[in-house]
Amino acid sequence: MWPPDLVFSIHPVCGAVAAAGGSQAAVIRVEFVEEQGSVSELAFREGIMDQIRLREQRFDERAYLFVLAALEHSQTRLVERRHITGPELAQACRDLALHRYGVMARVVLEHWGVRSTMDIGDIVFTLVDLGLLISQPQDSRDDFYGVFEFEDAFGREYPWSTAHV
């Protein structure tokens, strides 16, 4: 188990990933793409996914890494780094999925086991339970309930969609 003060963070300048407070980083292998200002590749240190799997087996490893990347994606859009709420993170996941995967965003997320904003909340709170993320006392899994419907967010509301309801 990790120390209770272990926090996932991405250095805003060099893109290095660390789990602050712990003796070893929980996330490794990061490539920072300067011209785009984004983290393009993350991987968990060996053994981390085993710990996650003991708590939650529904989601692919890439789903956890994607949520962490979406968290950083949302932070880069802020003037100053701060706590991100559940609905803000869910929206950041939607935005990043559309940016990375386009019309295939919903298919990719569903392939990883993510079919609703509640699933995003389950991923977040699994990472919180393991000490990889920190929540505020007022944060709850329910914050992720019904933020948007995947069918709408990745279908009818897709930026280039011609579908009309």
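Conventions adopted
Residue positions within a chain follow its written sequence, with the count starting from 1. Note on the predicted model: pLDDT of at least 70 is required for a residue's local features to be given, and 80 or more for side-chain atom pairs to be given and counted; whole-chain, interface and lining totals, by contrast, use all residues. Values shown for side chains rest on all heavy atoms present in the structure; no hydrogens or waters enter the calculation. Classification of ring pairs uses Phe, Tyr and Trp, with its six-membered ring standing for Trp, and accepts pairs whose centres are within 6.5 Å; under 30 degrees between planes counts as stacked, over 60 as edge-to-face, and the remaining range as tilted. Only protein chains enter the area calculation, which uses a 1.4 Å probe; residues under 20% of their type maximum are buried, those over 50% are exposed, and those in between are partly exposed. The helix and strand labels rest on DSSP assignments: H or I over at least four residues marks a helix, E over at least two residues marks a strand, and numbering proceeds from the N terminus. A fitted line through C-alpha atoms represents every axis, and for helices the fit uses only the stretch in contact; the resulting angles, taken between N-to-C directions, go from 0 to 180 degrees. Throughout, the term roughly parallel applies to angles under 35 degrees, roughly antiparallel to angles over 145, roughly perpendicular to angles from 65 to 115, and oblique to all others. Residue contacts follow a heavy-atom distance rule, with two residues in contact if any of their heavy atoms lie within 4.5 Å. Polar here means any residue other than Ala, Val, Leu, Ile, Met, Phe, Trp, Tyr, Cys and Pro, which are nonpolar, and Asp, Glu, Lys and Arg, which are charged; Gly is therefore polar. Definition used in this section: a nonpolar core is a set of buried Ala, Val, Leu, Ile, Met, Phe, Trp, Tyr and Cys residues joined via side-chain atoms within 4.5 Å.

A. Highlighting the packing of aromatic side chains. The full count for this structure, using the stated rule, is seven aromatic pairs. Between phenylalanine 59 and tyrosine 64 the ring centres are 6.2 Å apart and the planes differ by 80 degrees, which places this aromatic pair in the edge-to-face class. Each member of the pair, phenylalanine 59 together with tyrosine 64, is buried. Taking the centre distance of 6.3 Å and the plane angle of 45 degrees together, the rings of phenylalanine 66 and tyrosine 101 count as tilted. Separated by 35 residues along the polypeptide, phenylalanine 66 in helix 2 (residues 61-76) and tyrosine 101 in helix 3 (residues 86-101) bring together distant segments of the chain. Among the aromatic residues, ring-to-ring pairing joins Phe66, Tyr101 and Trp112 into one connected group.

B. Layout of the packing of helix 2 against helix 3. Where helix 2 contacts helix 3, the two axes come as close as 8 Å, and the packing angle between them is 100 degrees. Between helix 2 and helix 3, the angle falls in the class roughly perpendicular. The segment helix 2 lies against helix 3, with Phe66, Val67, Ala69, Ala70, Leu71, His73 and Ser74 engaging Leu89, Ala92, Cys93, Asp95, Leu96, Ala97, Arg100 and Tyr101. Taken together, the residues of the contact of helix 2 with helix 3 sort by class into 11 nonpolar, two polar and two charged.

C. Quick peek at the nonpolar core. Core analysis: the largest hydrophobic core is formed by 41 residues, its most contacted members being Phe44, Leu89, Val124, Leu127 and Phe154. Only helix 1 (48-55), helix 2, helix 3, helix 4 (105-111), helix 5 (117-129) and helix 6 (150-156) provide two or more residues apiece to this core. Of all the elements, helix 2 adds the most residues to this core, at nine residues. Setting aside chain neighbours within four positions, we find phenylalanine 154 in contact with Arg94, Ala97, Leu98, Ala105, Arg106, Leu109 and Phe148.

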